[in-house]
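Overview (structure and organization)
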Amino acid sequence: MDAFIEIAFICPTKKDSMKFLDDGLKFGRQLMQKRLGASCFEDWHVGQFWNILDTRPYMRLLQTRVRFNFMMEDYKAAVETCMEMIRLCPGDNLDRYSDALWFAQLYLDYSLETYPEGGGLPYPEGGGLPFKNPKRDLYPTDEESWERLTFTKCSLTYTAAYASFKLLGDCEASRQYLQLATEGCRHVLIKILAKINKPAELCMSARAHNSTEDAHDYLYKAQDLWMADDVWKWVNNNREAQLATIKFCENEHCEKRESKAAEFKRCSSCHQVSYCSPECQKEDWKRHRLDCKQRAAIKAATKAVVEGQPMPKDNPMPVYTADFSGDAFIVTEGSAPSGVVVPDGPSKSKKKKSKKKKTKSKVQTSSLSCTLLCAF
């Protein structure tokens, strides 16, 4: 089976490589069934792959397939193959909660700008991580630090909470990670506590940071872990986590509150507000309408920017583009150039022009920065 991997890397196209790998996996599956039994992919062998020497070439084929999926930007297939690897061999037959917690702590430290290795990014250049024992200390809870920590990507804060619980149990540190995760993105916990079905596929929509789309993708990969009986009971018994998921009816004339997670229905357009009944939603529409339409328009504009599509006619955001291909970059709004930034060190003939455009350059650079923040 390793021969299929070697040949995949010298095929003329990635498409040819994928065909070779798929042929190798088909051959490998037949070989595993011949050596270990026809039901080896469903019986007691599942969970023990890699621990059984005969299975290692097959697992290497799966790993190589993931690599080529990423190279071809087929991320959905990459995730599905990774999940099959985890099904066959959870955790590489190791309790790697310690490594997962350490990994998440690197990014939490980065959010606080307290880098453990003396500065720089939370990972070494070129990839790889020097895994160590995770810290047991609590993070600071002052307002500025907490705001930075809760802005950390939800997939990392929830990883920290899960790994800490599995490693350390229901301790103060585990509860703090869960609180961080919930305040950063409560959408994940709402669906866990409500036992809503796991997403069937990845969400390919444009998104904001720690949005419902981010929660969707995290749950696609990790919901099964959180639904384990011991983990779900731990979360369900955490009063702070429960309170963070309970919502009030958005109708300002109604004081009803959910008795359990996801009891109220969300607005189907903006997904940002919830109501206890259709009557309350109808009564509140006059107040909510403007905000709802604006959110929907911003989401449509963001999707157009991400996918390289024409902007919607009712786009509420100013959107700029920049061309960095030449010696200077051109900032454009719509189809009309709105400014040219000249690089440092112009010739004598260009110095006079650069003085005239100095103020305009600053304005355009500021506009571009502001627009990027608005658009994404």
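Residues numbered from 1 in each chain as written. Predicted model: local features only at pLDDT ≥ 70, side-chain atom pairs only at ≥ 80, totals over all residues. Heavy atoms only, no water.

**With respect to the overall build of the protein chain**
Counting its regular elements, the protein chain contains 15 helices and five strands. Split into buried and exposed, the 376 residues of the protein chain put 37% on the buried side. In the protein chain, once contacts between residues fewer than 6 apart in sequence are set aside, the share between residues at least 24 apart is 57%. (Helix = DSSP H or I, 4+ residues; strand = E, 2+ residues; numbered from the N terminus. Buried < 20%, exposed > 50% of the residue type's maximum accessible area, 1.4 Å probe, protein only. Contact = heavy atoms within 4.5 Å.)

**Some words on the packing of helix α6 (residues 143–150) against helix α8 (residues 172–184)**
One can describe the packing of α6 onto α8 by two numbers: an axis separation of 8 Å at closest approach and a directional angle of 75°. In terms of their interaxial angle, α6 and α8 are classed as roughly perpendicular. Judged by residue contacts, Trp146, Leu149 and Thr150 of α6 engage Gln176, Gln179, Leu180, Glu183 and Gly184 from α8. Class assignment for the residues of the contact of α6 with α8 results in three nonpolar, four polar and one charged. (Axes fitted to C-alpha atoms, helices over the stretch in contact; angles between N-to-C directions. Parallel < 35°, antiparallel > 145°, perpendicular 65-115°, else oblique. Nonpolar A, V, L, I, M, F, W, Y, C, P; charged D, E, K, R; others polar.)

**Description of helix α7 (residues 154–168)**
Here α7 is 15 residues long and its end C-alpha atoms lie 20 Å apart, about the 21 Å a rise of 1.5 Å per residue gives. Along α7, the residues that are buried comprise Cys154, Leu156, Thr157, Tyr158, Ala160, Ala161, Tyr162, Ala163, Ser164 and Phe165. On the buried face of α7, the contacting elements are α5 (97–112), α6, α8, α9 (186–193), α10 (212–226) and α11 (229–236). Following α7 by one or two positions, Gly169 adopts a phi angle in the positive range, close to 85°. (Expected span 1.5 Å × (residues − 1).)

**Topic: the nonpolar core**
A general trend in soluble globular proteins is that nonpolar side chains are found buried together. Grouped together as the largest cluster of nonpolar side chains are 35 residues, with contacts concentrated most on Tyr158, Tyr177, Leu178, Val188 and Trp226. Elements supplying a minimum of two residues to this core: α5, α6, α7, α8, α9, α10 and α11. In terms of residue count, α7 provides more of this core than any other element does, seven residues in total. Sequence-distant contacts of Leu178, that is, excluding residues within four places in its chain, are made with Ala161, Leu189, Trp226, Trp234, Val235, Asn238 and Ala241. Ile5, Met59, Phe68 and Ala78 belong to the second largest nonpolar core, which has 22 residues in total. (Core = buried A, V, L, I, M, F, W, Y, C linked by side-chain atoms within 4.5 Å.)

**Points about the pattern of salt bridges**
Evaluated as defined, the whole model comprises 15 salt bridges. For the salt bridge of Arg60 with Asp2, the shortest nitrogen-to-oxygen distance reads 3.0 Å. Taken together, the residues span a long stretch of sequence, with Arg60 in helix α3 (residues 56–71) and Asp2 in helix α1 (residues 2–8) at a distance of 58 residues. The class of Arg60 is partly exposed, set by a relative accessible area of 33%. The exposure class of Asp2 is partly exposed, given its relative accessible area of 33%. Between Lys198 and Asp224 there is a salt bridge; the shortest N-O distance is 3.2 Å. Of this pair, Lys198 sits in the loop between α9 and α10 while Asp224 sits in helix α10, and the two are 26 residues apart along the sequence. (Salt bridge = Lys/Arg side-chain N within 4 Å of Asp/Glu carboxyl O.)

**A short note on the side chain of His45**
Within the fold, His45 resides in the loop between α2 (14–36) and α3. Looking at His45, the relative accessible area reads 5%, which means it is buried. Once residues lying within four places of it in the same chain are set aside, the contact partners of His45 are Leu36, Cys40, Ile52 and Leu88.

**Re the packing of aromatic side chains**
The final tally for this structure, using the stated rule, is 13 aromatic pairs. Chaining the aromatic ring pairs together yields one cluster made of Tyr97, Tyr158, Tyr162, Tyr218 and Trp226. Lying across the ring of Phe41, Arg29 places its NZ or CZ 4.0 Å from the centre. Here Lys195 stacks its cationic end above the ring of Trp232, 4.3 Å away from the centre of that ring. (Phe/Tyr/Trp six-rings, centres within 6.5 Å; stacked < 30°, edge-to-face > 60°. Lys NZ or Arg CZ within 6 Å of the ring centre and 35° of its normal.)

**Remarks on the environment of Asn238**
Mapped onto the secondary structure, Asn238 falls in the loop between α11 and α12 (239–245). For the pair Asn238 and Arg175, spaced 63 residues apart in sequence, the C-alpha to C-alpha distance is 7.9 Å. If sequence neighbours within four positions are ignored, Asn238 has contacts with Arg175 and Leu178.

**Some remarks on helix α13 (residues 278–307)**
With 30 residues, α13 ought to run about 44 Å at 1.5 Å a step, yet its terminal C-alpha atoms sit only 34 Å apart, falling short of that. Of all the bends found along α13, the most pronounced is centred on Trp285 and spans about 70°. Positive phi appears at Gly308, one or two residues downstream of α13, with a value of about 70°. (Bend = angle between axes of the 7 residues up to and from the residue.)

**What about the side chain of Lys247?**
With respect to the helices and strands, the residue Lys247 is situated in the loop between α12 and β1 (265–266). Among the polar contacts listed, one links the side chain of Lys247 to the side chain of Ser274, at a separation of 3.2 Å. Leave out the neighbours within four places in its chain, and Lys247 touches Arg186, Ile190, Arg257, Glu258, Phe264, Arg266 and Ser274. (Polar contact = N/O pair within 3.5 Å; in protein donor to acceptor, adjacent residues only side chain to side chain.)

**Quick notes on unusual backbone geometry**
Here Glu73, not a glycine, exhibits a phi torsion of approximately 60°, which is positive. Position of Glu73 relative to the elements: it lies in the loop between α3 and α4 (75–88).

**Focus: the packing of α5 against α7**
Packing of α5 against α7 leaves a shortest axis separation of 8 Å and a crossing angle of 145°. Judged by the sense of rotation from one axis to the other, the crossing of α5 with α7 is left-handed. Touching Tyr97, Ser98, Ala100, Leu101, Phe103, Ala104, Tyr107 and Leu108 of α5 are Leu156, Thr157, Thr159, Ala160, Tyr162, Ala163, Ser164, Lys166 and Leu167, all from α7. A per-class count over the contact of α5 with α7 returns 12 nonpolar, four polar and one charged. (Left-handed = near helix turned anticlockwise from the far one by under 90°.)

**Examining the confidence of the model for the protein chain**
Here the protein chain averages 80 in pLDDT, and 78% of its residues register 70 or above. Across residues 335–376, where pLDDT falls below 50, the model places 41 contacts with residues more than four positions away in sequence or in other chains. (pLDDT = per-residue confidence, 0-100.)

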